[in-house]
Amino acid sequence: MTAQYAWSERFPARHPATEGSDHPAVSPLGTLYSPATEAEVRELEERLGVELPPSYRQFLLFANGWGSDDDCCLLRIEEVGWLRDVDPSIAESWSAPKRENSWSVPDELYFVYGMEQDSIHYRGEYVPDTLLIGYWGDGVALLNPRVSTSEGEWEAWYLEPGLAGANRYRSFWDLAMDELRMRYAS
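Heads up: these notes are all about the structure in this document.

Parameters at a glance
Residues numbered from 1 in each chain as written. Predicted model: local features only at pLDDT ≥ 70, side-chain atom pairs only at ≥ 80, totals over all residues. Heavy atoms only, no water. Helix = DSSP H or I, 4+ residues; strand = E, 2+ residues; numbered from the N terminus. Polar contact = N/O pair within 3.5 Å; in protein donor to acceptor, adjacent residues only side chain to side chain. Contact = heavy atoms within 4.5 Å. Core = buried A, V, L, I, M, F, W, Y, C linked by side-chain atoms within 4.5 Å. Buried < 20%, exposed > 50% of the residue type's maximum accessible area, 1.4 Å probe, protein only. Pairing = 2+ DSSP bridges. 1 Å grid on protein atoms, 1.4 Å probe; cavity = no way out; pocket = protein on both sides within 12 Å on 5 of 7 lines; lining within 4 Å. Points joined across faces, edges and corners; volume = space filled by probe spheres on them. Nonpolar A, V, L, I, M, F, W, Y, C, P; charged D, E, K, R; others polar. Salt bridge = Lys/Arg side-chain N within 4 Å of Asp/Glu carboxyl O. Phe/Tyr/Trp six-rings, centres within 6.5 Å; stacked < 30°, edge-to-face > 60°. Lys NZ or Arg CZ within 6 Å of the ring centre and 35° of its normal.

**So, the side chain of Glu-153**
Summarising the element assignment, Glu-153 is placed in the loop between β8 (139-148) and β9 (154-159). A polar side-chain atom of Glu-153 sits 2.8 Å from a polar atom in the side chain of Ser-55. Setting aside residues up to four positions removed in sequence, Glu-153 forms contacts with Tyr-5, Pro-53, Pro-54, Ser-55, Val-147, Ser-148, Arg-170, Ser-171 and Phe-172.

Encoded structure:
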């Protein structure tokens, strides 16, 4: 059974700019686009050749994109793609072997999340296979299908030049909740 993610509780009261408009809805937490349809999500999965992780899939059915180009921007379905295809320069620069992100990062260092995580312990060889889902500040939001849970969640990454590596999360839900906490703390 797939977990339900409470997106509507995190993004209260969406108000369209005008009735029947194609303009994005606005919530107190920023711009949200109209939900994707189940058929659109299935088309994305077919285009990518994978089943999307449940938290990200449910987000797309809640809002087909979030934010603006100059802030936190989760891409719309038609813009989502494998990093190696959508932005090969980022894929190449972050996957090239470097002394500080050796491919031999042991599991006991790699599978640490939260405050104890050291962003330097990411696996650069995974970068080209990640799914680009957004741009946040100077970085990118990625989903990593090479690390997944028994529930089908994929590891989520925030990768930016200011980090020595990637901030990694157990799932898209965890990444999104961390972003909401940082950007919209009361």
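So much for the structure itself; the text now carries on.
**Description of the nonpolar core**
Soluble globular proteins: nonpolar side chains tend toward being buried together. Membership of the largest hydrophobic core comes to 53 residues, with the highest contact counts inside it found for Trp-7, Leu-131, Ile-133 and Phe-172. The element best represented in this core is helix α7 (residues 172-183), accounting for six residues. Discounting residues that sit within four places of it in the chain, Ile-133 has contacts with Tyr-56, Cys-73, Leu-74, Leu-75, Val-80, Ala-141, Leu-142, Leu-143 and Phe-172.

**Here's the deal with the pairing of strand β7 (residues 131-136)**
Taking burial as the measure, the six residues of β7 include five buried ones, the bulk of the element. Judged from the three bridges that link them, strand β5 (residues 72-74) and β7 form a sheet pairing that is antiparallel. Paired with Cys-73 across the strands is Tyr-135, a residue of β7. Following β7, the chain reverses through two residues before pairing antiparallel with β8; Gly-137 in that reversal takes a positive phi of roughly 60°.

**Observations concerning helix α3 (residues 54-62)**
A large share of α3 lies buried, amounting to eight of its nine residues. Along α3, the residues classified as buried are Pro-54, Ser-55, Tyr-56, Arg-57, Gln-58, Phe-59, Leu-60 and Phe-62.

**Quick look at the layout of surface pockets**
Roughly 250 Å³ of volume is contained in the largest pocket. Together, Tyr-113, Gly-114, Met-115, Gln-117, Ser-119, Asn-167, Arg-168, Tyr-169, Arg-170, Asp-174, Asp-178 and Arg-181 line the largest pocket. Contributions of two or more residues to the lining of the largest pocket are made by β10 (166-169) and α7. Considered class by class, the residues forming the lining of the largest pocket number three nonpolar, four polar and five charged.

**Concerning the pattern of salt bridges**
A complete count under the given rule lists eight salt bridges for this structure. Between Glu-38 and Arg-42 there is a salt bridge whose closest N-O contact spans 3.5 Å. Here Glu-38 pairs with Arg-42, and both are found in helix α2 (residues 38-48), just four residues apart, close to one helical turn. Residue class for Arg-42 comes out partly exposed when judged on its relative accessible area of 43%. The partner of Asp-129 in a salt bridge is Arg-84, and the shortest N-O contact between them spans 3.0 Å. Of this pair, Asp-129 sits in the loop between α6 (107-110) and β7 while Arg-84 sits in helix α4 (residues 83-86); the two residues are 45 residues apart in sequence, bridging distant segments of the chain. For Asp-129, a relative accessible area of 26% translates into the label partly exposed.

**Quick look at the packing of aromatic side chains**
Within this structure, the stated rule accounts for 14 aromatic pairs. Geometrically, the ring pair formed by Tyr-110 and Tyr-126 is edge-to-face, given 6.0 Å between the ring centres and 80° between the ring planes. Pair noted here: Tyr-110 is in helix α6 and Tyr-126 is in the loop between α6 and β7, with a separation of 16 residues, a long-range link. Members of the aromatic cluster, each reached through a chain of ring pairs, are Tyr-5, Trp-7, Tyr-56, Phe-59, Phe-62, Phe-172 and Trp-173. One cation-aromatic arrangement involves Arg-123 over Tyr-110; the distance from NZ or CZ to the ring centre is 4.3 Å.

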